[in-house]
Structures are given as C-alpha cells and as structure tokens.
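Residue-level structure breakdown
Residues per chain, in single letters:
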Number of protein chains: 2
Amino acid sequence: MTQFMDVHHGFEGITPEQLREAHDADLAIEKDEGVHFERAWADPESGTIYCLSEAPSADAVQRVHERAGHRADEVHQVPLSI
Amino acid sequence: MTQFMDVHHGFEGITPEQLREAHDADLAIEKDEGVHFERAWADPESGTIYCLSEAPSADAVQRVHERAGHRADEVHQVPLSI
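Quick summary incoming for the structure in this document. Predicted model only: the values in this text are computed from it and were never measured.

Definitions and limits used
- All residue numbers refer to position in the chain's written sequence, counted from 1.
- Chain A is the first chain written and ligand 1 is the first ligand written, with later ones labelled in order.
- Given that this is a predicted model, residues contribute local features only at a pLDDT of at least 70 and side-chain atom pairs are listed and counted only at 80 or more, while totals for whole chains, interfaces and linings are drawn from all residues.
- The side-chain values count all of the structure's non-hydrogen atoms but skip hydrogen atoms and water molecules.
- Residues reaching a pLDDT of at least 70 in both copies supply the C-alpha atoms on which the copies are superposed by least squares.
- Throughout, a contact is declared for two residues whenever any of their heavy atoms are within 4.5 Å.
- To pair, rings of Phe, Tyr and Trp, with the six-membered ring standing in for Trp, must have centres within 6.5 Å; the planes then decide the type, stacked if under 30 degrees apart, edge-to-face if over 60, and tilted in the middle.
- Put simply, DSSP marks the helices as runs of H or I at least four residues long and the strands as runs of E at least two long, and each gets a number from the N terminus on.
- Exposure categories follow from relative accessible area, calculated using a 1.4 Å probe and restricted to protein chains: below 20% of the type maximum is buried, above 50% is exposed, and the middle band is partly exposed.
- Pairs of N or O atoms are called polar contacts if they sit within 3.5 Å, as long as, within protein, a hydrogen donor faces a hydrogen acceptor (for residues adjacent in sequence, only side-chain-to-side-chain pairs).
- Buried area: the sum, over both parts, of the accessible surface (1.4 Å probe) that disappears when the two are put together.
- Strand pairing follows a simple DSSP-based rule, namely that at least 2 bridges must link the two strands.
- Structural elements are reduced to axes, namely lines fitted to C-alpha atoms, with helices fitted over the stretch in contact, and the angle between N-to-C directions of any two is expressed from 0 to 180 degrees.

**Considering the relation of the copies chain B and chain A**
With an RMSD of 0.0 Å, the fit of chain B onto chain A corresponds to turning through 180° and sliding 0.0 Å along the axis. In short, the pair behaves as if placed about a two-fold rotation axis. Of every C-alpha in chain B, the one belonging to Tyr50 of chain B sits nearest the axis of rotation, 4.8 Å from it. Same-surface contact between copies: 100% of interface residues of chain B are shared with the interface of chain A.

Rendered as structure tokens:
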C-alpha cells in the first residue's frame, strides 16, 4: 500500500457539509478497491480539494472518486512523506 | 492560525534525505514568521511536493519557503479539513 495525494479543482464555495458528504461518499465504497481515504483539505476560495489516501494504485483511487461522482483532476503517488 | 497546503513542482528524483533536508530548512526558520510546517509528501516521479502548514497567512508560508531556498509554486489556504 502506498500513499496518494489527489487534487480536485472547480469546488469554489464548497462548505464543510459538502466536503464531509463527498468524503463520506468515498468512504462508503472505498473498500471495494482496497483504498482508504485518510484526510481531505479544501480551499473554498480557489475551489481546490486535496485528498490523502492509502491505496494499491492511482487507478484504484480514481475509480472510487469516479463512482462517488467526483473524478480527481490529478492523482499522485507520494511514497515519500514526513 | 489557518492551515495551508502548498505545492512545489520540479523535484523529479527527490530522495527521502533531500525531502528531510528541505523540511528541516523550513523548520529551522519557521518561527520567525509564526509558521509551523506539519507534514510534507513527495512524488519523485512527477517531481511534486505538498506541504501542510499552520500559518498566519499564505505570504508567511511563502517567505519561509523562499528564505529556505525553495519557493512554492502555489500556496492555498485550506480552512476546511477532515
């Protein structure tokens, strides 16, 4: 299992409730792909969301996000962390 | 204090030691700006680094990174998090 950081654009004005709903939609199905979404951070001003996950592959991360209705614009493996 | 996520590009091939050195360079001077760098994640393949910090402003985050020798390409306030 490796860590991944993915990025979503276009979420200007996102509220705490909407972030929670989107995250919960991922959590509800993540096991199907062997993914776990650990954290999410959002900037309502620029509309950017960052999600940190553990997953077997970037494709697995993307499949969960797609099925939950919010495809990521970028998915990067982040094998190095502090 | 707010959380910020900043992004650096162009670090293809970065090693764990180089990430640690860069992070330590930030930690050594962060107090001057009232910033604390909490986490950092790197993708050596795409050369992308993500840094999570607590800071009084995006400018304060950038000043620390600039003085440490690695200006960020983007700094986003992330007031929402899970």
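**So, the packing of aromatic side chains**
Tallied over the full model, the rule gives two aromatic pairs over all chains. Ring geometry for Trp41 of chain A versus Trp41 of chain B: centroids 5.7 Å apart, planes at 55°, classification tilted. Separated into two different chains, Trp41 of chain A in strand 2 (residues 36–43) and Trp41 of chain B in strand 2 (residues 36–43) make up a pair that spans both. Considered together, Trp41 of chain A and Trp41 of chain B belong to a single accessibility category, that of buried residues. Judged by centre distance (6.1 Å) and plane angle (70°), the ring pair of Tyr50 of chain A and Tyr50 of chain B falls under edge-to-face. With Tyr50 of chain A in strand 3 (residues 48–55) and Tyr50 of chain B in strand 3 (residues 48–55), the pair connects residues from two separate chains. Both residues of the pair, Tyr50 of chain A and Tyr50 of chain B, count as buried.

**Examining the side chain of His8 of chain B**
Residue and element names in this part refer to chain B. In this structure, His8 sits in strand 1 (residues 2–8). Exposure remark for His8: the relative accessible area of 2% places this residue in the buried category. At a separation of 2.9 Å, a polar atom in the side chain of His8 contacts the side chain of Asp6. The residues contacting His8, other than those within four sequence positions of it, are Gly47, Thr48, Ile49, Cys51, His65, His70, Arg71, Ala72 and Asp73.

**Overview of the interface of chain B and chain A**
Across the boundary between the two partners, chain B contributes 28 residues, which contact 28 residues of chain A. When chain B packs against chain A, close to 2,300 Å² is buried across both sides, 68% of that on carbon and sulfur atoms. When the area that chain B buries against chain A is broken down by residue, the three leading residues are Tyr50, Leu80 and Ile82 of chain B, summing to 35%. Summed over the shared surface of chain B and chain A, the number is ten residue pairs in polar contact (both at pLDDT 80 or more). Breaking the side of chain B that touches chain A down by element, the ones donating at least two residues are strand 1, helix 1 (16–29), strand 2, strand 3, strand 4 (74–77) and strand 5 (80–81) of chain B. The element that contributes the greatest number of residues to the side of chain B that touches chain A is strand 2 of chain B, accounting for six residues.

**Brief notes about the sheet that holds strand 2 of chain B**
In a beta sheet, neighbouring strands are held together by backbone hydrogen bonds and run either parallel or antiparallel to one another. As summarised here, the arrangement of the five strands in space is 5(A)-2(B)-3(B)-1(B)-4(B), forming an open sheet in which the pairing is antiparallel. The strands lining the two open edges of the sheet, one partner per strand, are strand 5 (80–81) of chain A together with strand 4 of chain B. In terms of strand pairing, strand 2 of chain B meets strand 3 of chain B through seven bridges, oriented antiparallel. By the bridge assignment, Ala40 of chain B is partnered in strand 3 of chain B with Cys51 of chain B. Relative to strand 2 of chain B, helix 1 of chain B is tilted by about 160°, and along the sheet it contacts strand 5 of chain A together with strand 2 and strand 3 of chain B.

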